[in-house]
Amino acid sequence: MIEFRDVYMVYEKNWYALQGINLRIEKGEFVYVVGPSGAGKSTLLRLIYMDLFPTAGEVVVAGYSSSRIKPKEIPYLRRKIGVIFQDFKLLKDKNVYENVAFALEVIGTPRRKIKEKVLKVLAEVGISHKRHAFPYQLSGGEQQKVAIARALVRDPFILLADEPTGNIDPEGTREILELLKNINTSGTAVIMATHELSLIERFPRRLIRLEQGRIVEDTGVRS
Amino acid sequence: MFVLREALRGMWRNRVMAFIAFGVIFFSLFLLGLFLVATFNLFGVIRYAQEKVEITAFLEDDLPREKIEEIKKRIEGMEGVERAIFVSKEEALKEFKRDIPKAKELLQALKTNPLPSSFKIKIGEGYKNPEAMKRIAKKISVIDGVEEVKYGEEWIRRLDKVVKFLFLFDVLLGVVISIASIFVVSNTIRLTVIARKESIEIMKLVGATERMIEAPFLLEGMIEGGAGGLFTAFILYLLWRFLSVRILEFYFPTDAILFGLTLFGIILGYMGSMVSVKKYLKGGEA
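Not measured: the values here are computed from a predicted model.

Parameters at a glance
Residues numbered from 1 in each chain as written. Chains lettered and ligands numbered in written order. Predicted model: local features only at pLDDT ≥ 70, side-chain atom pairs only at ≥ 80, totals over all residues. Heavy atoms only, no water. Pairing = 2+ DSSP bridges. Helix = DSSP H or I, 4+ residues; strand = E, 2+ residues; numbered from the N terminus. Expected span 1.5 Å × (residues − 1). Buried < 20%, exposed > 50% of the residue type's maximum accessible area, 1.4 Å probe, protein only. Arc of directions from axis to C-beta. Domains from an automatic or database assignment. Core = buried A, V, L, I, M, F, W, Y, C linked by side-chain atoms within 4.5 Å. Contact = heavy atoms within 4.5 Å. Right-handed = clockwise from strand over helix to strand, strands pointing away. Axes fitted to C-alpha atoms, helices over the stretch in contact; angles between N-to-C directions. Patch = residues over 30% accessible without salt bridge, like charges linked within 9 Å, V, L, I, M, F, W, Y side chains within 5 Å. Areas by Shrake-Rupley, 256 points an atom, 1.4 Å probe, with all protein chains shown as cover. Salt bridge = Lys/Arg side-chain N within 4 Å of Asp/Glu carboxyl O. Polar contact = N/O pair within 3.5 Å; in protein donor to acceptor, adjacent residues only side chain to side chain. Phe/Tyr/Trp six-rings, centres within 6.5 Å; stacked < 30°, edge-to-face > 60°. Lys NZ or Arg CZ within 6 Å of the ring centre and 35° of its normal.

Enquirer: Just checking my understanding: could you explain the pairing of strand β2 (residues 16-25) of chain A for this structure?
Expert: Successive side chains on a regular strand alternate, one facing one side of the sheet and the next facing the other. Residue and element names in this part refer to chain A. The pairing of strand β1 (residues 2-10) with β2 spans six bridges and is antiparallel. Pairing of Phe4 across the sheet is with Leu23, part of β2. Hairpin connection of β1 to β2: five residues between the antiparallel strands, including Lys13 at a positive phi of 50 degrees.

What follows is the structure in structure tokens.
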């Protein structure tokens, strides 16, 4: 489903963000990507949703290869991938409902279907009661739930989470992790970059450790 | 629906810039419109004057009737000549007296009739331009028995030159105005693009196609340009009504101005936003 074949990522000059990455992630897996800041966690995720392309090697996602994908095809790949971030990336001038609906509007989903899907996903992440609230009226945990709802509303096969609990209090963090577990149980693969090792202890799953752009540990599938 | 809403939202957010863009397009197109109407009208005057022009071939005195008939036939046989009407010395004198009554006494003092007989030559459609007339006049002037050929008037030829120059000026003005308008619109749209940076990022992230991302910006530019063009046409129309009633009547192609300027405004707006979209959307990553 996701495969990295000898991937190198070089930013400017001789700064190697990733070096010789070989990796396979199967359908429905739950994977932690850990490592210190600058180890290449974000770069790894961005290569998956093809926001970046490898300097050398190949990344294959859902049948799309980084070396052959046409720019026109990228939007269609992204519709199958959900991404959430540490800073949520919600639109400040839209309320909760509108933020989630936005993800469907811009891919041309019919109006009636949008309403049905948005209400359903808001219930799933447990934020229905705040659907008219604006982001500034929500806690960090609640904002991340909205971001998750926005990612899920397009029924992705995978959810990429880049430090999703970085800006959230412990209680919120526990809820978000619980939510990600449920999402994974229903069949969506989850790849989560984090440096909060306490999360992993609470819910151990496959772990990939990056250091200076190299994989130094891969526990393989654990359940 | 989404696209229109986003376009209007973008304009509202940058309403000052949007208004400036509208204003600049209005002002530019207004200037262009004025020059175009002036050109149209001068061109109309020339066409009218050219319609009326004819070639006059003055004949030598005392030509026998057969000779005159022969000349008439030769002239009428030429390409571009419709008809040649004979004007005798007596008729010429009568016409002259009628046209310039004050010359009566002067002519009476002269005893003899100084005016030559002549042919008034009507020119066919498609030959009523300085070049063709010159050609015909030259051919007539070499006919035996023809003393002198006169055609057109110097001022018509001069006006023709003026209109050609004016037309060139219109084109030049059009180009300058287009560049200025595109520049202003692209700057306005650039601000909208920057203001909507986050929303663009999310659109890319959730898999909106490039076309979907661009559409609101292109529409915004087209609305700004189109509104500028439409308003220009409206103001020009009012100006025309006002001038026609009070000062002088002139030709005003209402439909052409209305549709032409609006369409031109839309095209300018589209091109302006395209410049920004290409520059600020295509380059960046999500």
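From this point, the discussion proceeds with the structure in view.
Enquirer: Explain helix α1 (residues 2-13) of chain B here, please?
Expert: Owing to its 3.6 residues per turn, the α-helix brings residues three or four apart onto one side. Residues and elements named next belong to chain B. Between the first and last C-alpha of α1 there are 16 Å, a value that for 12 residues agrees with the 16 Å anticipated at 1.5 Å per step. Among all positions of α1, only Phe2, Val3, Glu6, Ala7, Gly10 and Met11 are buried. The buried residues of α1 occupy an angular sector of 165 degrees when the element is viewed end-on, so they sit on one face.

Enquirer: In this structure, what is going on with the domain arrangement of chain B? I would like to understand it.
Expert: How big an interface is tends to be reported as the loss of accessible area on association of its parts. Under the domain assignment, chain B is made up of domain 1 (2-48 + 157-282) and domain 2 (54-152). Taking the mean C-alpha position of each, domain 1 of chain B and domain 2 of chain B sit 53 Å from one another.

Enquirer: Teacher, can you tell me more about the nonpolar core here?
Expert: Here is a general trend for soluble globular proteins: nonpolar side chains tend to be buried in one another's company. Counting 78 residues, the largest nonpolar core has Tyr32(A), Val100(A), Val118(A), Ile148(A), Leu180(A), Met192(A) and Met203(B) as the members making the most contacts within it. Beyond its immediate chain neighbours, meaning those up to four positions away, Val100(A) contacts Val118(A), Val121(A), Leu122(A), Val146(A), Ala149(A), Arg150(A) and Val153(A). With 36 residues, the next largest nonpolar core counts Leu47(A), Leu52(A), Val59(A) and Ile69(A) among its residues.

Enquirer: How do you make sense of the pairing of strand β8 (residues 189-193) of chain A when you look at a structure like this?
Expert: Residues and elements named next belong to chain A. Most of β8 sits inside the fold, with five of its five residues counted as buried. Because side chains alternate across β8, one face comprises the buried residues Ala189, Ile191 and Ala193, and the other comprises Val190 and Met192, equally buried. Relative to β8, strand β3 (residues 30-34) runs parallel, the two sharing four bridges. Across the sheet, residue Val33 finds its bridge partner in β8, namely Ala193. Here five bridges tie strand β7 (residues 158-162) to β8, and the two strands are oriented parallel to one another. Residue pairing across strands places Ala161 opposite Met192, the latter belonging to β8. This β-α-β element, β7 to helix α6 (residues 170-185) to β8, shows right-handed connectivity.

Enquirer: What's the story with the sheet that holds β7(A) in this structure? I'm lost.
Expert: As a general point, the strands of a sheet are linked pairwise by backbone hydrogen bonds and lie either parallel or antiparallel. Residue and element names in this part refer to chain A. Read across the sheet, six strands follow the order β6-β7-β8-β3-β9-β10 without closing on themselves; strand pairing throughout is mixed. Both outer strands of the open sheet, β6 (81-85) and β10 (214-218), are each paired with one neighbouring strand and no more. Direction aside, neighbouring strands of the sheet carry axes that sit 20 degrees apart on average. The pairing of strand β9 (residues 206-211) with β10 spans four bridges and is antiparallel.

Enquirer: Teacher, can you tell me more about a nonpolar patch on the surface here?
Expert: Residue and element names in this part refer to chain B. Residues Phe167, Val171, Val175 and Ile179 make up a contiguous nonpolar surface patch of roughly 380 Å² in combined accessible area. Topologically, Val175 is positioned in helix α7 (residues 154-195). Residue class for Val175 comes out partly exposed when judged on its relative accessible area of 44%.

Enquirer: I keep staring at the interface of chain B and chain A and nothing clicks. Help me out?
Expert: Each partner contributes residues to the interface: chain B has 19 residues there, and chain A has 24 residues. Across the chain B-chain A interface, the total number found is five salt bridges. Inspection of the region where chain B meets chain A yields six residue pairs in polar contact (both at pLDDT 80 or more). Mapped onto the side of chain B that touches chain A, the elements with two or more residues apiece are α1 and α8 (197-205) of chain B.

Enquirer: How do you make sense of the packing of aromatic side chains when you look at a structure like this?
Expert: The geometry of an aromatic ring pair is captured by the separation of the ring centres together with the interplanar angle, meaning the angle of the planes. Scanning the model with the defined rule gives 11 aromatic pairs over all chains in all. Measuring from ring centre to ring centre gives 5.9 Å for Phe19(B) and Phe22(B), while their planes differ by 40 degrees; the resulting arrangement is tilted. Note that Phe19(B) and Phe22(B) are positioned in helix α2 (residues 15-52) at a spacing of three residues, about one turn of the helix. For Phe19(B), a relative accessible area of 59% gives the class exposed. Taken together, the ring pairs in this structure connect Phe19(B), Phe22(B), Phe26(B), Phe30(B) and Phe231(B) into an aromatic cluster. In this arrangement the basic side chain of Lys89(A) is found over the ring face of Phe85(A), its NZ or CZ atom lying 4.9 Å from the centre. Arg15(B) extends its terminal NZ or CZ atom over the ring of Trp12(B), reaching a point 4.1 Å from the ring centre.

Enquirer: Where do I start with the environment of Leu52(A) in this structure?
Expert: Relative to the helices and strands, Leu52(A) is located in the loop between α1 (41-48) and β4 (56-61). With 103 residues separating them along the chain, Leu52(A) and Asp155(A) place their C-alpha atoms 23 Å apart.

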